[in-house]
Amino acid sequence: MSVKERKRGRPGRSQGQLTSDLIVSTARSLMQKNGKVPSIRQVSGALGVDAMAIYHYFSNKSALLEALTVSLIDDIYEPTVDGNWQVELERLCKSYLALLQTYPGLLETLLTMDTFGPAQRFSERLALALTPLRLSEATFTDAQDLIVDYMHGVALAMQCNPDNLSSDCIDGALGLVCKALEVSR
């Protein structure tokens, strides 16, 4: 009987093509395919390396999870400060919903994470969209909380009822939020 031998620990020179970007990219593909965050063993199996090789690039599963979710959030629309802030906000929100639909396990993952990297990335994008309003820090925080909670609720509803809901369902409520933000200036 032949046994497939894998070397434990740090990847050797023959595995020089293994990078943190490749690991994250593989984890993204697995997450999209399976609808949930892949295990270290699933990622290493897809890459054809020992699970310990992943730990050479990421200290633990949480570090890989943060890198994965930050890379996903980086894919959402990046607003411009020169554009119409309402249009920029709508594009950002619809882009975020599209991301959550593409990666069904992402919403649950984001809501259960202890790290703030992905939330910080979204917050930066939201701040760009709302820059023309020059909101106070407290008003921005309230607006952010409202928008994020609403987006997460809509994403959950879309996952439960994909045939009857699309990102266009946010138009009315987002318009109302825009009116409220306009008054808050």
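Model, not experiment: these values are computed from the prediction.

Undergrad: Account for the overall build of the protein chain, with residues named and values stated.
TA: Counting secondary structure elements, the protein chain contains nine helices and zero strands. Starting at the N terminus and ending at the C terminus, the protein chain contains elements arranged as α-α-α-α-α-α-α-α-α. By its C-alpha atoms, the protein chain is 75 × 35 × 25 Å across when sized along the principal axes. Taking contacts inside the protein chain between residues at least 6 apart in sequence as the whole, the part at least 24 apart equals 70%. Of the roughly 10,700 Å² of accessible surface on the protein chain, a fraction of 50% belongs to carbon and sulfur atoms. Where the 18 positive side-chain charges of the protein chain centre and where its 21 negative ones centre are 12 Å apart.

Undergrad: Describe in detail the confidence of the model for the protein chain, supporting the description with residues and values.
TA: For the protein chain, mean pLDDT is 89; residues scoring 70 or higher make up 91% of the total. Predicted confidence is poor over residues 3-7, with pLDDT under 50, and the contacts of this stretch with residues over four places away or in other chains come to four contacts.

Undergrad: How would you summarise empty space enclosed by the protein if you had to cite specific residues and measurements?
TA: Taken as a whole and assessed by the stated rule, the structure comprises one cavity of 30 Å³ or more. Roughly 40 Å³ of internal volume is contained in the largest cavity. As for the largest cavity, its lining consists of Ala-27, Val-37, Pro-38, Val-43, Lys-61, Leu-64, Leu-65 and Leu-68. Tallying contributions element by element places helix α4 (residues 61-73) first for the lining of the largest cavity, with four residues. Residue classes in the lining of the largest cavity are distributed as seven nonpolar, no polar and one charged.

Undergrad: If you had to explain the packing of aromatic side chains to someone new, which residues and values would you point to?
TA: All chains considered together, the criterion is met by one aromatic pair. On the numbers, 4.8 Å between centres and 45° between planes, the contact of Tyr-96 with Phe-122 is tilted. With Tyr-96 in helix α5 (residues 85-102) and Phe-122 in helix α7 (residues 117-130), this residue pair connects regions lying 26 residues apart in the sequence. Summarising the burial analysis for this pair, Tyr-96 and Phe-122 share the class buried.

Undergrad: A description of the domain arrangement of the protein chain should follow, citing residues and the corresponding values.
TA: Interfaces are often sized by the amount of accessible area the parts lose when they come together. Domain assignment breaks the protein chain into domain 1 (20-68) and domain 2 (74-184). For domain 1 versus domain 2, the separation of C-alpha centres amounts to 27 Å. Taken residue by residue, the interface counts eight residues in domain 1 and 11 residues in domain 2. The interface formed by domain 1 and domain 2 includes one salt bridge. Salt-bridge contacts for Arg-28 lead to Asp-75; the nearest nitrogen and oxygen are separated by 2.2 Å. Applying the counting rule to domain 1 against domain 2 returns three residue pairs in polar contact (both at pLDDT 80 or more). Broken down by element, the side of domain 1 that touches domain 2 gets its largest block of residues, three residues, from helix α1 (residues 20-34). Considered class by class, the residues forming the side of domain 1 that touches domain 2 number three nonpolar, two polar and three charged.

Undergrad: Could you give an account of the nonpolar core, with specific residues and numbers?
TA: Membership of the largest hydrophobic core comes to 50 residues, with the highest contact counts inside it found for Leu-89 and Leu-130. A domain split of this core shows at least three residues from each of domain 1 (20-68) and domain 2 (74-184). Leave out the neighbours within four places in its chain, and Leu-130 touches Trp-85, Leu-89, Leu-135, Phe-140 and Leu-181.

Undergrad: Give me the side chain of Ser-44: which residues, what numbers.
TA: Relative to the helices and strands, Ser-44 is located in helix α2 (residues 40-47). Setting aside residues up to four positions removed in sequence, Ser-44 forms contacts with Val-49, Asp-50, Ala-51 and Ile-54.

Parameters at a glance
- Residues numbered from 1 in each chain as written.
- Predicted model: local features only at pLDDT ≥ 70, side-chain atom pairs only at ≥ 80, totals over all residues.
- Heavy atoms only, no water.
- Helix = DSSP H or I, 4+ residues; strand = E, 2+ residues; numbered from the N terminus.
- Contact = heavy atoms within 4.5 Å.
- Areas by Shrake-Rupley, 256 points an atom, 1.4 Å probe, with all protein chains shown as cover.
- Lys, Arg positive; Asp, Glu negative; His and termini not counted.
- Charge placed at Lys NZ, Arg CZ, Asp CG, Glu CD.
- pLDDT = per-residue confidence, 0-100.
- 1 Å grid on protein atoms, 1.4 Å probe; cavity = no way out; pocket = protein on both sides within 12 Å on 5 of 7 lines; lining within 4 Å.
- Points joined across faces, edges and corners; volume = space filled by probe spheres on them.
- Nonpolar A, V, L, I, M, F, W, Y, C, P; charged D, E, K, R; others polar.
- Phe/Tyr/Trp six-rings, centres within 6.5 Å; stacked < 30°, edge-to-face > 60°.
- Buried < 20%, exposed > 50% of the residue type's maximum accessible area, 1.4 Å probe, protein only.
- Domains from an automatic or database assignment.
- Salt bridge = Lys/Arg side-chain N within 4 Å of Asp/Glu carboxyl O.
- Polar contact = N/O pair within 3.5 Å; in protein donor to acceptor, adjacent residues only side chain to side chain.
- Core = buried A, V, L, I, M, F, W, Y, C linked by side-chain atoms within 4.5 Å.

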